[in-house]
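Listed below are the residues making up each chain.
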Amino acid sequence: MKQAPITAEQMRHYDSYTINTIGVPSLVLMERAALAVRDEILNAFPLNLGHVVVVAGSGNNGGDGLDVARLLHIAGVQVTILNVGNPDHASDEHKVQDKICQYYQIPQTTDLAVLKQATLIVDAMFGIGIDRPVKGNYADAIKAINDCDAVVVAVDMPSGINTDSGEVMGVAVKATTTVTFAFNKVGLTKGAGQKYAGRIIIADDMGTYATDK
Ligand SMILES: NC(=O)C1=CN([C@@H]2O[C@H](COP(=O)(O)OP(=O)(O)OC[C@H]3O[C@@H](n4cnc5c(N)ncnc54)[C@H](O)[C@@H]3O)[C@@H](O)[C@H]2O)[C@@H](O)CC1
Ligand SMILES: [K+]
């Protein structure tokens, strides 16, 4: 039976059950998520991959982004990471991914001007963790992304879209494609979210997560 779209709270429950009860490590889920985004980018946009800019927040959505940056870098793609999050609030998984990116010497910046050089942008600022209106430098980054001509691939959710309602929380990324994980999300199926998501890919939907718990 096809799984209905789910809310942020339901996804957090599935993440937690899969990690803590089944025992699939959080970083394994992150790697599977990032591999799916990498595959979508390499398969769908092979001719557009001049310079990929990964816009990373400091939570696990940003951690996914850093993981994608590393996978693309290893695949020979020119990648720059644009850090927009507060490093003091970095999640544990984000810190691990950041350390790996530093090993590979992937260029990192906090200057939004790098977006002007992008042919493809990976939006990894906020996923299901967004819980308040987007302001300040996060809003500036989203506006700058939307001002670019580049293809935009959103990780899990277009940043700024409410996972449960599809509402724009102040300002939101307009994606070409959204790669969401395990289950579709309610906010990608209605309201502005449906429009901002672009094409939706549901990755890793074949059983890493238990749906009957
Ligand atoms: N192990 C896991 O939990 C997995 C998580 N995954 C990724 O992790 C994401 C969820 O990660 P997080 O829970 O860390 O949350 P996010 O990375 O979506 O957001 C990070 C943090 O930003 C803060 N925030 C929320 N709204 C804000 C706003 N408007 N302005 C500034 N800060 C704001 C919140 O404190 C939030 O925790 C998923 O969407 C998915 O991409 C995947 O890697 C799969 C595994
Ligand atoms: K995102």
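Just above sits the structure.
What you see is a predicted model, and the numbers here were worked out from it, not measured in a lab.

The rules behind the values
- Residues numbered from 1 in each chain as written.
- Chains lettered and ligands numbered in written order.
- Predicted model: local features only at pLDDT ≥ 70, side-chain atom pairs only at ≥ 80, totals over all residues.
- Heavy atoms only, no water.
- Donors = N, O, S within 2.8 Å, 3.2 Å for Na, K, Ca; no water.
- Tetrahedral: all angles 85-135°; square planar, octahedral: opposite > 155°, others 65-115°.
- Buried < 20%, exposed > 50% of the residue type's maximum accessible area, 1.4 Å probe, protein only.
- Helix = DSSP H or I, 4+ residues; strand = E, 2+ residues; numbered from the N terminus.
- Near = heavy atom within 4 Å.
- Polar contact = N/O pair within 3.5 Å; in protein donor to acceptor, adjacent residues only side chain to side chain.
- Areas by Shrake-Rupley, 256 points an atom, 1.4 Å probe, with all protein chains shown as cover.
- Nonpolar A, V, L, I, M, F, W, Y, C, P; charged D, E, K, R; others polar.
- Contact = heavy atoms within 4.5 Å.
- Patch = residues over 30% accessible without salt bridge, like charges linked within 9 Å, V, L, I, M, F, W, Y side chains within 5 Å.
- Salt bridge = Lys/Arg side-chain N within 4 Å of Asp/Glu carboxyl O.
- Core = buried A, V, L, I, M, F, W, Y, C linked by side-chain atoms within 4.5 Å.

## Some words on the coordination of the potassium ion (ligand 2)
Logical step 1: Looking at the potassium ion (ligand 2), the protein donor atoms are N61 (OD1), D123 (O), F126 (O), V155 (O), M157 (O) and S159 (OG), and they sit 2.6 to 3.2 Å from it.
Logical step 2: Taken together, the six donor atoms coordinating the potassium ion (ligand 2) span angles of 67 to 168 degrees at the metal, a pattern that classifies the geometry as irregular.
Logical step 3: In primary-sequence terms, the residues that donate to the potassium ion (ligand 2) follow N-x61-D-x2-F-x28-V-x1-M-x1-S. For the pair M157 and S159, one class covers both residues: buried.

## Focus: the side chain of T163
Logical step 1: One can find T163 in the loop between β5 (151-155) and β6 (177-181).
Logical step 2: The buried category is assigned to T163, whose relative accessible area is 3%.

## So, the site of ligand 1
Logical step 1: As a matter of local geometry, ligand 1 sits amid 21 residues, with S26, D64, G127, R132 and D156 nearest to it.
Logical step 2: In the model, an oxygen atom of ligand 1 is placed 2.9 Å from a nitrogen or oxygen of the G129 main chain.
Logical step 3: Here a nitrogen atom of ligand 1 sits 2.8 Å away from a polar atom, N or O, in the main chain of R132.
Logical step 4: For ligand 1, whose free accessible area comes to 860 Å², the fraction covered by protein is 81%.
Logical step 5: Those elements giving two or more residues to the shell around ligand 1 turn out to be α1 (8-22), α2 (26-44) and α3 (60-74).
Logical step 6: The residue inventory of the shell around ligand 1, partitioned by class, reads 10 nonpolar, six polar and five charged.

## Points about the side chain of S26
Logical step 1: Along the chain, the position of S26 falls in helix α2.
Logical step 2: Judged by its relative accessible area of 19%, S26 is buried.
Logical step 3: For S26, the side chain forms a polar contact with the side chain of E93, separated by 2.7 Å.
Logical step 4: In this structure S26 touches I19 and E93, once residues within four positions along its chain are discounted.

## Side note on a nonpolar patch on the surface
Logical step 1: On the surface, I74, Y103 and Y104 cluster together into a nonpolar patch covering about 350 Å² of accessible area.
Logical step 2: Tracing the backbone through its elements, the reader meets I74 in helix α3.

## Considering the nonpolar core
Logical step 1: By size, the foremost hydrophobic cluster in this structure holds 29 residues, and its most contacted members are V37, I41, V52, L120, V122 and V153.
Logical step 2: At the level of secondary structure, the elements contributing two or more residues to this core comprise α2, β1 (51-56), α3, β2 (78-83), β4 (120-124), β5 and β6.
Logical step 3: Beyond its immediate chain neighbours, meaning those up to four positions away, L120 contacts I41, F45, L49, H51, V52, V53, A150, V151 and V153.
Logical step 4: If you look at the next biggest cluster of nonpolar residues, it comprises 23 residues, including A141, I142, I145 and M169.

## Quick word on unusual backbone geometry
Logical step 1: Even without being a glycine, Q105 presents a positive backbone phi close to 55 degrees.
Logical step 2: Here Q105 shows up in the loop between α4 (92-103) and β3 (108-109).
Logical step 3: The phi angle at A182 is positive, at roughly 75 degrees, despite the residue not being glycine.
Logical step 4: Examined against the element boundaries, A182 turns out to sit in the loop between β6 and α6 (191-196).

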